[in-house]
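Examination of the molecular architecture
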Amino acid sequence: MRRKSSSKLALYEPRIDRRIQKTRKLLSQAVLDLILEKGYERVTVQDILDRANVGRSTFYTHYENKELLLRDGPRNLGFSLFGGSDKAAAQLEPDGRRMGFRGLFQHVSQNLPLAKAMVGKNSGSIMLDSFHSQISRAIGDYYRSHFSDGKKDKLLLAYLSEAAASAVCSLLTYWVDHDLSLSVDEISIHCQRIVKAILH
């Protein structure tokens, strides 16, 4: 049987529809703007439709509810908590010895309105739960070599990573809600000290 050429196969590969991207971006920007104005709980789907100027059927073609829209917001707007990937949270500081969080706080500071809508007090816990998981995973990956492969040590690493992630999220939320009252360097150093104290 004759095989199809790769060039012909490429014609059948699904392409990302720019109209879909544009619609989802409009919806995500609308919900984030509304959260900043009146808080997540008070935002209705109708509010989002009015702000984004899209129809109800269009909204439900993409999302079942506003929670799913909010969760998809970072991707639709090109926002990553770590400015690229989870590994960015586990960078070494310039001295090469410690886990650094400067990249995380720097990225958040450069996207403050978005951060306020996603991790600030007005967004509830929806996005923060997701970010908590990312941070916990990054911390666990970084400190894995400090623990043995035994079942007890693996469980301990998971516990401590979760505890450290909770501390980081709390610090991040407080910092964002208070309009970055400490500098990026100051907050990242304090964050690093907290995580180090928990994991060592």
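Residues numbered from 1 in each chain as written. Predicted model: local features only at pLDDT ≥ 70, side-chain atom pairs only at ≥ 80, totals over all residues. Heavy atoms only, no water.

Tallied over the entire structure, the rule returns 4 aromatic pairs. Ring centres of Phe-59 and Tyr-60 lie 5.1 Å apart, and the angle between their planes is 85 degrees; this geometry places the pair in the edge-to-face category. On the basis of an interplanar angle of 50 degrees and a centroid distance of 6.3 Å, the ring pair of Phe-59 and Tyr-63 is categorised as tilted. By the ring-pair criterion, three or more aromatic residues cluster together here, those being Phe-59, Tyr-60 and Tyr-63. It is Lys-66 that lies over the ring of Tyr-40; its NZ or CZ is 4.3 Å from the centre. (Phe/Tyr/Trp six-rings, centres within 6.5 Å; stacked < 30°, edge-to-face > 60°. Lys NZ or Arg CZ within 6 Å of the ring centre and 35° of its normal.)

So, about helix H9 (residues 151-177). Compared with an ideal rise of 1.5 Å per residue, which puts 27 residues at 39 Å, H9 spans 39 Å between its outermost C-alpha atoms and is within 8% of the ideal. Within H9, burial applies to Leu-157, Leu-160, Ser-161, Ala-164, Ala-165, Val-168, Cys-169, Leu-172, Thr-173, Trp-175 and Val-176. Contacts made by the buried residues of H9 are with helix H6 (102-110), helix H7 (112-119), helix H8 (126-143) and helix H10 (184-199). At the C-terminal side of H9, Asp-179 shows a positive phi close to 55 degrees. (Helix = DSSP H or I, 4+ residues; strand = E, 2+ residues; numbered from the N terminus. Expected span 1.5 Å × (residues − 1). Buried < 20%, exposed > 50% of the residue type's maximum accessible area, 1.4 Å probe, protein only. Contact = heavy atoms within 4.5 Å.)

Mapped onto the elements of the fold, Leu-171 is located in helix H9. Taking C-alpha positions, Leu-171 is 7.3 Å from Cys-191, a pair spaced 20 residues apart along the chain. Not counting residues within four places of it along the chain, the set of residues in contact with Leu-171 comprises Phe-105, Ile-187, His-190, Cys-191 and Ile-194.

Attention now moves to H7. One turn of an α-helix holds 3.6 residues; hence residues three or four places apart share an orientation. Of all 8 residues in H7, 6 are buried; the element is thus mostly enclosed. Burial in H7 covers these residues: Leu-112, Leu-114, Ala-115, Ala-117, Met-118 and Val-119. Turning to H7, the residues buried within the fold contact helix H2 (18-38), helix H5 (66-76), H6, H8 and H9.

Tallied over the entire structure, the rule returns 7 salt bridges. Residue Asp-72 is joined to Arg-75 by a salt bridge in which the shortest nitrogen-to-oxygen separation is 2.6 Å. Of this pair, Asp-72 and Arg-75 are both found in helix H5, 3 residues apart, which corresponds to roughly one turn of the helix. Overall, Arg-75 belongs to the exposed group, its relative accessible area being 62%. A salt bridge links Asp-185 to Arg-102; the nearest nitrogen and oxygen atoms lie 2.5 Å apart. Here the residue Asp-185 occupies a position in helix H10, and Arg-102 occupies one in helix H6, the gap between them amounting to 83 residues. (Salt bridge = Lys/Arg side-chain N within 4 Å of Asp/Glu carboxyl O.)

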